[in-house]
Amino acid sequence: MTTVVTLPLILFTGFLMFKLQADERTDLQRETVEDARAISRSIERRLQEMATSLNLLAQFPELESNDLPAFQRRIHTSLAQEGLYVIVATKDGQQKLNTRVQSNEALGKVPAQADLATALSTNRISVSNIFFGNTSQQWVFNVTLPLPPRLAAAGDALIMTQNAVDLRPLISTEKLPAGWSVAVLDDADRVIISSSPDNVVPGKPFTEESLLGRMSSFSGNFLDDEGNVFAYSQFLGWSWKTVIWGPEASSQAALVSTWRNMMIGSVLMVLGAILGAYIVGRQLRSSILEITDMAERIGQGEIVAPVQTKITEANQVAIALSNASFDRSQAEDRMLLVLHELVHRSKNILTLVQAMMRQLARENTSIADFQKEVDHRLRGLGMSIRALTETQWQGLPINKLIETHLDVFGSVSQQVINKGEDFMLSPEAAQNLGLILHELTTNSIKYGALSVKDGIVEIEWQHSEREDGQEMITICWREKNGPPASPPSRKGFGSTIVKRHAEGAFSGLVDIDYAVTGFVWTLTAPQRFFMKSAQSSTAEEKY
């Protein structure tokens, strides 16, 4: 009877293995497309960071005053550490500045392959195809920002260039089967960077035109005549794409080995089953009934204790089911907490953005000005949110918050001095203080101490205790060695952020002094509005 039952099971298992092989092929194609999309998103973020940096650099006062040597001194060190270089060029391609070389060296023209004319004709930020750089003597690519007419004296385009080889850390084959490769292609289907053998190198066409013609949609996969799987994904908003390819057989080698071992094991199982089926069957039946009862109770939402049977394996299953029932209960509690926290965070952020946009809408008379101001403030808020995300919204040290908001402004971070013992800000305090610091830094770059080379900004914070026992924190932004401060002719959104928003967000008092020696901003507020409460921390640790 055991043989009669077992043999159909073996045959059915064989059928399942064939189906598993087909499913494995489908999963492989789907997963490679997902891997291609993931690599595309990773490089998209790099290109977007370069575009954001170009927009920030275009706001530096040295460009507006056409002081290109000062502009180069200010940005060269910080960008070169990241492998980035900046070029200022005219519309005919003549370079006026190139941070790869000294400011006094003669400069040639931007290569025609850099697609400068295309970027200027579309009047938007664009990425070039790969080309061999005359100065770097390497394969490079450019991200080009057309400059507005007010900066025409400096040049017509601001270009950020990077060596193609610097993108290699962003492509990975760790999750791919052995023998598989990854390549990033430009708009002309030439290789920018790849992990493949020597025949797929930068600057060369990727493959024959017939295969490239099958990569016409945004993303997808296909099988060529030689049994190779190709998966690809276009970059969102850019003209590049990622391609992953490799032999289908290499991904199924483990499955073939499993199939062979299963057949051998099946024969041995039939022989052993005839001998032990009757002995084990009676004990197994009672054990399974007990475990089935546990499973039914778990399905009803109960937390169950493990049962003891005469079969060791059944006992292990019972323990696993018991743990699963407890884990599910904990997971449900955690999910409720996460959903509540998500609603709370989203509501706070949307409320802040809504208030910011209402205020900016009242101050700006044109859509372009409104868009520029909204983009500027949202970047400041976004930097705080990105830093908080890295800590899973558990808070952010004040030194880390200051560093995050200053790094985006280039070398000005070296002119800022922090004074005070580091402490952890709550997520809400980090968002609000980050928005204020971003506004103070922007104003200082335009009008204050950070607008000159020798200017210094001191950010100092102190803890104190009032007579009524309430603990307070005082944060002071003090500018030195810069131009004399003077009150603005009108109070705009920036004044609202550093005064009214700061007082409202921290329930404190803001003192602003437009001193001859430099602008001074001081916030004094209760400590509880800066730090996460002990009750909140205990609740999170519980879960």
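Use the structure listed above.
Residues numbered from 1 in each chain as written. Predicted model: local features only at pLDDT ≥ 70, side-chain atom pairs only at ≥ 80, totals over all residues. Heavy atoms only, no water.

Caption draft 1: Seen up close, the environment of Tyr-514. Relative to the helices and strands, Tyr-514 is located in strand β17 (residues 509–515). Take Tyr-514: its relative accessible area is 31%, and that puts it in the partly exposed class. As for Tyr-514 and Ala-485, which are separated by 29 residues in sequence, their C-alpha atoms are 4.8 Å apart. (Helix = DSSP H or I, 4+ residues; strand = E, 2+ residues; numbered from the N terminus. Buried < 20%, exposed > 50% of the residue type's maximum accessible area, 1.4 Å probe, protein only.)

Caption draft 2: Examining the sheet that holds strand β8 (residues 191–194) more closely. Taken together, five strands build an open sheet; the order of strands is β8-β7-β11-β10-β9 and the sheet is antiparallel. The open sheet has two edge strands, β8 and β9 (219–223), and neither has a second partner. Between one strand and the next, the sheet's axes are offset by a mean angle of 20 degrees, whatever the strand orientation. (Pairing = 2+ DSSP bridges. Axes fitted to C-alpha atoms, helices over the stretch in contact; angles between N-to-C directions.)

Caption draft 3: Representation of the pattern of salt bridges. Enumeration over the complete set of coordinates arrives at 11 salt bridges. The residue Arg-150 makes a salt bridge to Glu-64 at a minimum N-O spacing of 3.7 Å. One end of the pair, Arg-150, is in the loop between β5 (139–146) and β6 (157–163); the other, Glu-64, is in helix α2 (residues 61–64), and 86 residues separate them in sequence. Judged by relative accessible area, Arg-150 falls into the partly exposed class, the value being 47%. Residues participating in the shared-partner salt-bridge network are Lys-419, Glu-458, Glu-460, Arg-478 and Lys-480. (Salt bridge = Lys/Arg side-chain N within 4 Å of Asp/Glu carboxyl O.)

Caption draft 4: Molecular detail of the pairing of β8. Where strand β7 (residues 181–185) meets β8, three bridges bridge the pair, whose relative direction is antiparallel. Residue pairing for β8: Leu-185 is matched across the bridge by Val-191. Count of turn residues in the β7/β8 antiparallel hairpin: five residues, of which Asp-189 carries a positive phi of about 60 degrees.

Caption draft 5: Quick peek at helix α3 (residues 68–80). In this model, α3 (13 residues) spans 17 Å end to end at C-alpha, consistent with the 18 Å of a helix rising 1.5 Å per residue. For α3, the principal kink sits at Arg-74 and spans about 30 degrees. Turning to α3, its buried residues number three or more, namely Leu-68, Ala-70, Phe-71, Gln-72, Arg-74, Ile-75 and Leu-79. (Expected span 1.5 Å × (residues − 1). Bend = angle between axes of the 7 residues up to and from the residue.)

Caption draft 6: Fine view of the nonpolar core. Core analysis: the largest hydrophobic core is formed by 45 residues, its most contacted members being Ile-43, Leu-47, Leu-57, Phe-71, Leu-158 and Trp-240. At the level of secondary structure, the elements contributing two or more residues to this core comprise α1 (2–57), α3, β1 (84–89), β5, β6, β7 and β8. With nine residues, α1 is the largest single contributor of residues to this core. (Core = buried A, V, L, I, M, F, W, Y, C linked by side-chain atoms within 4.5 Å.)

Caption draft 7: Structural view of the packing of aromatic side chains. Following the criterion strictly, the structure yields eight aromatic pairs and no others. On the numbers, 5.5 Å between centres and 75 degrees between planes, the contact of Phe-132 with Trp-139 is edge-to-face. Summarising the aromatic geometry, the rings of Tyr-514 and Phe-519 are spaced 5.5 Å apart at their centres and angled 55 degrees between planes, so their arrangement reads as tilted. Here the aromatic cluster, defined as three or more aromatic residues joined through ring pairs, consists of Phe-141, Phe-235 and Trp-240. One Lys or Arg, Arg-74, reaches over the ring of Phe-60 and ends 4.0 Å from the middle of that ring. (Phe/Tyr/Trp six-rings, centres within 6.5 Å; stacked < 30°, edge-to-face > 60°. Lys NZ or Arg CZ within 6 Å of the ring centre and 35° of its normal.)

Caption draft 8: Main features of the sheet that holds β17. Pairing is mixed across the open sheet formed by five strands, whose spatial order is β13-β15-β16-β18-β17. Looking along the sheet, the strands with just one partner apiece sit at the ends: β13 (416–419) and β17. Strand-to-strand, the axes of this sheet are offset by a mean angle of 10 degrees, without reference to chain direction. As paired strands, strand β16 (residues 471–480) and strand β18 (residues 518–526) are joined by seven bridges and run antiparallel to one another. Within β18, the position partnered with Arg-478 by the bridge is Val-520. The strands touched by helix α10 (residues 398–407) are β13, β15 (456–465) and β16; relative to β15, the strand with the most contacts, the crossing angle is about 155 degrees. Along the sheet, helix α11 (residues 427–447) contacts β15, β16 and β18; its crossing angle with β16, the most-contacted strand, is approximately 15 degrees. (Contact = heavy atoms within 4.5 Å.)

Caption draft 9: Structural view of the packing of α10 against α11. Across the interface, α10 lies against α11 with an axial gap of 10 Å and an inter-helix angle of 40 degrees. Relative to α11, α10 is oriented oblique. For the pair α10 and α11, the sense of crossing is right-handed. Residues Ile-398, Leu-401, Ile-402, His-405 and Leu-406 of α10 lie in contact with α11, whose contacting residues are Ala-430, Leu-433, Gly-434, Leu-437, His-438 and Thr-441. Looking at the contact of α10 with α11 residue by residue, the classes come out as seven nonpolar, four polar and no charged. (Parallel < 35°, antiparallel > 145°, perpendicular 65-115°, else oblique. Left-handed = near helix turned anticlockwise from the far one by under 90°. Nonpolar A, V, L, I, M, F, W, Y, C, P; charged D, E, K, R; others polar.)

Caption draft 10: Geometry of unusual backbone geometry. Even without being a glycine, Asn-66 presents a positive backbone phi close to 60 degrees. Structurally, Asn-66 can be placed in the loop between α2 and α3. Despite not being glycine, Asp-189 shows a phi value in the positive range, around 60 degrees. Locating Asp-189 in the fold gives a position in the loop between β7 and β8. Given the relative accessible area of 18%, Asp-189 is considered buried.

Caption draft 11: Molecular detail of the side chain of Asn-432. By the secondary structure assignment, Asn-432 is in helix α11. Looking at Asn-432, its side chain comes within polar contact range of the side chain of His-501, at 3.1 Å. (Polar contact = N/O pair within 3.5 Å; in protein donor to acceptor, adjacent residues only side chain to side chain.)

Caption draft 12: Representation of a nonpolar patch on the surface in the model. Nonpolar side chains collect at one region of the surface, where Ile-264, Val-267, Leu-268 and Leu-271 lie side by side and expose about 420 Å² of accessible area between them. Of note, Leu-268 is situated in helix α7 (residues 253–299). Taking relative accessible area as the criterion, Leu-268 reaches 56% and is therefore assigned exposed. (Patch = residues over 30% accessible without salt bridge, like charges linked within 9 Å, V, L, I, M, F, W, Y side chains within 5 Å. Areas by Shrake-Rupley, 256 points an atom, 1.4 Å probe, with all protein chains shown as cover.)

Caption draft 13: Focus on the environment of His-438. Positionally, His-438 belongs in helix α11. Relative accessible area serves as the criterion here: at 3%, His-438 is assigned to the buried category.

Caption draft 14: Geometry of the pairing of β1. Counting buried positions along β1 yields six of six residues, so the element is predominantly enclosed. The side-chain alternation of β1 yields two buried faces, one formed by Leu-84, Val-86 and Val-88 and the other by Tyr-85, Ile-87 and Ala-89. Taken together, the six bridges between β1 and β6 define a ladder with antiparallel strand orientation. By the bridge assignment for β6, Ile-87 is matched with Ile-159. Judged from the three bridges that link them, β1 and strand β2 (residues 95–98) form a sheet pairing that is antiparallel. Looking at the pairing, Val-88 lines up with Leu-97 of β2. Following β1, the chain reverses through five residues before pairing antiparallel with β2; Gly-93 in that reversal takes a positive phi of roughly 95 degrees.

So yeah, pure geometry; function would need other evidence.
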